[in-house]
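Geometric and topological summary
Spelled out, the chains give:
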Amino acid sequence: MNPCPLCGRVSLFFFYQDKHRSYLRCNNCHIVVVPPEFLLCAEDEKSVYDQHENDPEDKKYRRFLSRAFEPLVAQLPDGAKGLDFGCGPGPTISVMAEEVGLSVSNFDLYYHNTPEVLEYHYDFVTITEVIEHVADANGLLARLNALLRPGGVLAVMTSRMVDAEAFGQWYYKNDPTHIRFYCIETFEWVAHHFDWQLEIVDKDVVFFHKN
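All values reported here derive from a predicted model rather than from experimental measurement. (Residues numbered from 1 in each chain as written. Predicted model: local features only at pLDDT ≥ 70, side-chain atom pairs only at ≥ 80, totals over all residues. Heavy atoms only, no water.)

1. Some words on the overall build of the protein
Test applied: Helical segments are the DSSP runs of H or I of at least four residues, strand segments are the runs of E of at least two, and each set is numbered from the N terminus. Within these notes, the globule rule equals 2.2 Å times the number of residues to the 0.38 power, and the radius of gyration is based on C-alpha atoms. Per-residue accessibility, obtained with a 1.4 Å probe over protein chains only, is compared with the maximum for each type, and a residue is labelled buried under 20%, exposed over 50%, and partly exposed between these values. For this analysis, residues touch if any pair of their heavy atoms sits within 4.5 Å. We get accessible surface area from the Shrake-Rupley algorithm with a probe of 1.4 Å; when it comes to residues, only the shown protein chains can shield them. In summary, the charge assignment counts Lys and Arg as positive and Asp and Glu as negative, without counting His or the chain termini. All charge positions are set by atom: Lys at NZ, Arg at CZ, Asp at CG, Glu at CD.
When its secondary structure is counted, the protein shows six helices and 10 strands. A compact globule built from 211 residues should have a C-alpha radius of gyration of about 17 Å, and the protein, at 17 Å, falls within 12% of that. Counting only C-alpha atoms, the protein reaches 50 × 35 × 30 Å along its principal axes. Relative to its full complement of 211 residues, the protein shows a buried share of 49%. For the protein, contacts bridging at least 24 residues in sequence account for 62% of all contacts bridging at least 6. Approximately 10500 Å² of the protein is accessible, and the part contributed by carbon and sulfur atoms is 50%. A distance of 3 Å separates the average location of the 18 positive side-chain charges in the protein from that of its 31 negative side-chain charges.

In structure tokens:
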């Protein structure tokens with residue numbers, strides 16, 4: 001049996017099966033994961049992302065991001081510096097931040113692969129609609145923790161799983177690049193593990209405050 005990619009325990013059990021792939025759930029941290037044999041290669045994964053049309057001029061997209069960005073800005077001190085981790089082909093949070101006098105660097109494995117920005121520390125990090133794509137859940141969160149200054153804020157945007165009964169009808173699981181699914185209990189485990197304070201902001205937005 002493979003260990004859980006978040007908590008590391010050998011505690012995954014069968015959770016759901018559809019016509020495309022199966023899903024396992026951890027009975028420790030409660031994350032739902034797609035097994036390795038169903039993961040896309042990097043080329044196929046990027047081909048899906050290339051179909052996204054993220055544009056900082058798109059008002060609908062900006063409204064979507066604003067549900068994480070506006071409550072975040074309300075908590076930040078003047079002159080705070082941030083990082084948009086997984087900014088995609090059309091970085092938008094950095095544009096929105098500049099409009100309110102904040103500086104945000106961009107990083108994306110496929111579209112803005114600038115590893116030098118990962119050598120600094122930030123007052124806040126945004127990761128919007130990204131965490132569900134990353135196989136190494138614990139490695140990702142550990143990297144984000146290292147990027148945050150003490151007292152910093154990690155803003156996470158991802159649709160949360162509600163319960164097992166609803167999972168089968170959940171549109172979010174049908175994207176082949178969505179491979180890790182989080183719920184409130186999972187985020188509570190994450191907060192405890194990294195010694196963060198969890199703040200539930202919206203149905204698909206949580207903030208982690210680094211102590």
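2. A look at the sheet that holds strand S3 (residues 32–33)
For clarity, the threshold we go by: Any two strands are treated as partners once DSSP identifies two or more bridges connecting them.
Pairing within the open sheet is antiparallel, and its four strands lie in the order S1-S2-S3-S8. Looking at which strands have only one partner, the edges of the open sheet turn out to be strand S1 (12–17) and strand S8 (180–181). Here S3 pairs with S8 via two bridges, running antiparallel. Bridge pairing in S8 places Val-33 opposite Arg-180.

3. A few points about the pairing of strand S7 (residues 148–157)
Spelled out, the test is: Seen with its strands pointing away from the viewer, a crossover is right-handed if its path from the first strand over the helix to the second goes clockwise.
Of all the 10 residues making up S7, seven are buried; the element is thus mostly covered by neighbouring parts of the structure. Here strand S6 (residues 122–128) pairs with S7 via six bridges, running parallel. Residue pairing across strands places Val-125 opposite Leu-154, the latter belonging to S7. Read from S6 through helix H4 (residues 137–147) to S7, the crossover connection turns out right-handed. Examined bridge by bridge, S7 and strand S10 (residues 205–210) share five bridges and lie antiparallel to one another. Bridge pairing in S10 places Leu-154 opposite Phe-208.

4. Brief notes about the pairing of S10
Most of S10 is tucked away: five of the six residues are buried. The turn joining strand S9 (residues 196–202) and S10, which pair antiparallel and follow one another in sequence, is formed by two residues.

5. What about unusual backbone geometry?
The phi torsion at Glu-129 lies on the positive side, around 55 degrees, for a residue other than glycine. Locating Glu-129 in the fold gives a position in the loop between S6 and H4. On the accessibility criterion, Glu-129 (22% relative accessible area) is partly exposed. Even without glycine at this site, Asp-195 takes up a positive phi of about 60 degrees. Here Asp-195 lies in the loop between helix H6 (184–194) and S9. Judged by relative accessible area, Asp-195 falls into the partly exposed class, the value being 49%.

6. Quick look at the sheet that holds S9
Operational definition: For helices, the axis comes from a line fit to the C-alpha atoms of the stretch in contact; other axes are also lines fit to C-alpha atoms, and the angle between any two N-to-C directions lies between 0 and 180 degrees.
Read across the sheet, six strands follow the order S5-S4-S6-S7-S10-S9 without closing on themselves; strand pairing throughout is mixed. For this open sheet the edge positions go to strand S5 (103–107) and S9, each flanked by a neighbour on one side alone. Between one strand axis and the next, the sheet turns by 20 degrees as a mean value, whatever way the strands run. Note: strand S4 (residues 81–85) against S6, three bridges, orientation parallel.

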